[in-house]
Amino acid sequence: GNLWGYGKEDGPSVWHKHYPSAKGNQQSPIDIVPHQVSHDPSLGPIVLNYDHCTSISISNNGHSVVVEFDDSDDRSVILGGPLVNPCRLKQFHFHWGGKGCCGSEHSVAGKNYASELHLVHWNAVKYRTYGEAATAPDGLAVLGIFLQTGDDHRWLHMITDALFMVKFKGSVTDFRGFNPKCLLPSSLHYWTYPGSVTTPPLHESVTWIILKEPITVSERQMSKFRMLLFTAEEEDQRMRMENNFRPPQPLKGRKVRSSV
Ligand SMILES: CN[C@H]1CN(c2cccc(OC)c2)S(=O)(=O)c2sc(S(N)(=O)=O)cc21
Ligand SMILES: [Zn+2]
């Protein structure tokens, strides 16, 4: 059985029963309201040193599709912006909606995007292990990138072509040589705020860095994500993986800052 999911019985509205952080003071995602954002000139640019990054695998964890990286050294890090320490790239994954519907987690003045890509990094300068970092307020840094629908994305096929290999929950396959730099928009201008992991255990350990500029993917490419299943091969009830997003959470006095 699964501890949590995105359905009626196990979805975001009942996560608080097993995960008390759900009702915390700095939960994510949030609705970003640009006019209420404070421009902070002390915020420098975000720097992504992904040139020697090493993807290892792609897998279906029953909640999303995840590409894992070798984070045994500082070969791929995010630094600058609001970050005190460089953070190591550990994995990236997506959240998306049903056919023609929106599935982003963060929204901008109430507007949701088709999907949202999360690049998860951890502070290996201050913490010995990822697990330790995942529970510390300055432990994780997640770079969020919105996906809007339009023309095909020239590189996303590298991911969507592999999805048939990880259709079922618990499936994993080799996925080497993929550099997520190809998924970045042209501008790295961002909003940033202190928040949480958007899935259980909902730890309030994330410095969120959300890029203002979305990338464009086609509806056809998005539809390939929807062939994934929440369920494992041996389960009789097949459940299509879609709408795997948490709705916006209360800001509770937090400040959202922007670089420019
Ligand atoms: C299932 N998904 C999460 C798994 N991880 C996690 C986080 C904290 C503690 C932990 O204890 C095992 C695991 S994770 O750090 O890889 C992330 S990041 C993330 S999101 N959507 O906020 O970017 C969700 C998850
Ligand atoms: Zn996520």
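Residues numbered from 1 in each chain as written. Chains lettered and ligands numbered in written order. Predicted model: local features only at pLDDT ≥ 70, side-chain atom pairs only at ≥ 80, totals over all residues. Heavy atoms only, no water.

## Overview of the site of ligand 1
Here is step 1: Lining the immediate environment of ligand 1, one finds 16 residues, of which Gln91, His93, Tyr130, Thr198 and Thr199 sit closest.
Here is step 2: Side-chain polar atom of Gln91 to an oxygen atom of ligand 1: 2.9 Å apart, as the coordinates give it.
Here is step 3: One of the side-chain nitrogen or oxygen atoms of Tyr130 is found 2.5 Å away from an oxygen atom of ligand 1.
Here is step 4: Isolated, ligand 1 exposes 550 Å² of accessible area, and the fraction of that covered by the protein chains is 78%.
Here is step 5: Elements represented by at least two residues in the shell around ligand 1 include exactly strand 7 (87-96) and strand 9 (115-122).
Here is step 6: The element contributing the most residues to the shell around ligand 1 is strand 7, with three residues.
Here is step 7: Residues of the shell around ligand 1, tallied by class, amount to eight nonpolar, seven polar and one charged. (Near = heavy atom within 4 Å. Polar contact = N/O pair within 3.5 Å; in protein donor to acceptor, adjacent residues only side chain to side chain. Areas by Shrake-Rupley, 256 points an atom, 1.4 Å probe, with all protein chains shown as cover. Helix = DSSP H or I, 4+ residues; strand = E, 2+ residues; numbered from the N terminus. Nonpolar A, V, L, I, M, F, W, Y, C, P; charged D, E, K, R; others polar.)

## A word on the coordination of the zinc ion (ligand 2)
Here is step 1: Each protein donor to the zinc ion (ligand 2) is listed here as His93 (NE2), His95 (NE2) and His118 (ND1); together their distances run 2.0 Å.
Here is step 2: Coordination geometry of the zinc ion (ligand 2): the four donor atoms subtend angles of 100 to 115° at the metal centre, consistent with an arrangement described as tetrahedral.
Here is step 3: Sequence spacing among the residues donating to the zinc ion (ligand 2) works out to H-x1-H-x22-H. Pair noted here: His95 is in strand 7 and His118 is in strand 9, with a separation of 23 residues, a long-range link. As far as the burial class goes, His95 and His118 line up, both buried. (Donors = N, O, S within 2.8 Å, 3.2 Å for Na, K, Ca; no water. Tetrahedral: all angles 85-135°; square planar, octahedral: opposite > 155°, others 65-115°. Buried < 20%, exposed > 50% of the residue type's maximum accessible area, 1.4 Å probe, protein only.)

## Concerning a negative patch on the surface
Here is step 1: A surface patch of like charges, here negative, comprises Glu233, Glu234, Glu235 and Asp236.
Here is step 2: In this fold, Glu233 is placed in the loop between helix 3 (219-225) and strand 15 (257-258).
Here is step 3: We classify Glu233 as exposed; its relative accessible area is 57%. (Patch = residues over 30% accessible without salt bridge, like charges linked within 9 Å, V, L, I, M, F, W, Y side chains within 5 Å. Salt bridge = Lys/Arg side-chain N within 4 Å of Asp/Glu carboxyl O. Lys, Arg positive; Asp, Glu negative; His and termini not counted. Charge placed at Lys NZ, Arg CZ, Asp CG, Glu CD.)

## Thoughts on the nonpolar core
Here is step 1: Phe92, Phe94 and Ile159 are the most contacted members of the largest nonpolar core, which has 47 residues in total.
Here is step 2: The set of elements that each furnish at least two residues to this core consists of strand 3 (46-49), strand 5 (65-69), strand 7, strand 9, strand 10 (140-149), strand 13 (206-211), strand 14 (215-217) and helix 3.
Here is step 3: Beyond its immediate stretch of four places on either side in the chain, Ile159 contacts Ile58, Val67, Phe92, Phe94, Phe175, Phe178 and Phe225.
Here is step 4: Counting 21 residues, the second-largest nonpolar core is a separate cluster that includes Val37, Val120, Trp191 and Val256. (Core = buried A, V, L, I, M, F, W, Y, C linked by side-chain atoms within 4.5 Å. Contact = heavy atoms within 4.5 Å.)

## Some words on the pairing of strand 10
Here is step 1: Counted residue by residue, strand 10 has eight buried out of ten residues, so it is predominantly covered.
Here is step 2: Here eight bridges tie strand 9 to strand 10, and the two strands are oriented antiparallel to one another. Among the inter-strand pairings, His121 is bridged to a residue of strand 10, identified as Ala141.
Here is step 3: Two elements, strand 10 and strand 13, share five bridges in a ladder whose sense is parallel. Residue pairing for strand 13: Leu140 is matched across the bridge by Val206.
Here is step 4: Pairing between strand 10 and strand 14: three bridges, direction parallel. Residue Thr149 lies in a different strand from strand 14, and its bridge partner there is Val217. (Pairing = 2+ DSSP bridges.)

## Considerations on the confidence of the model for the protein
Here is step 1: Chain-level pLDDT for the protein is 97 on average; 100% of the residues reach the 70-or-more range.
Here is step 2: In the predicted assembly, ipTM is 0.97 and pTM is 0.98. (pLDDT = per-residue confidence, 0-100.)

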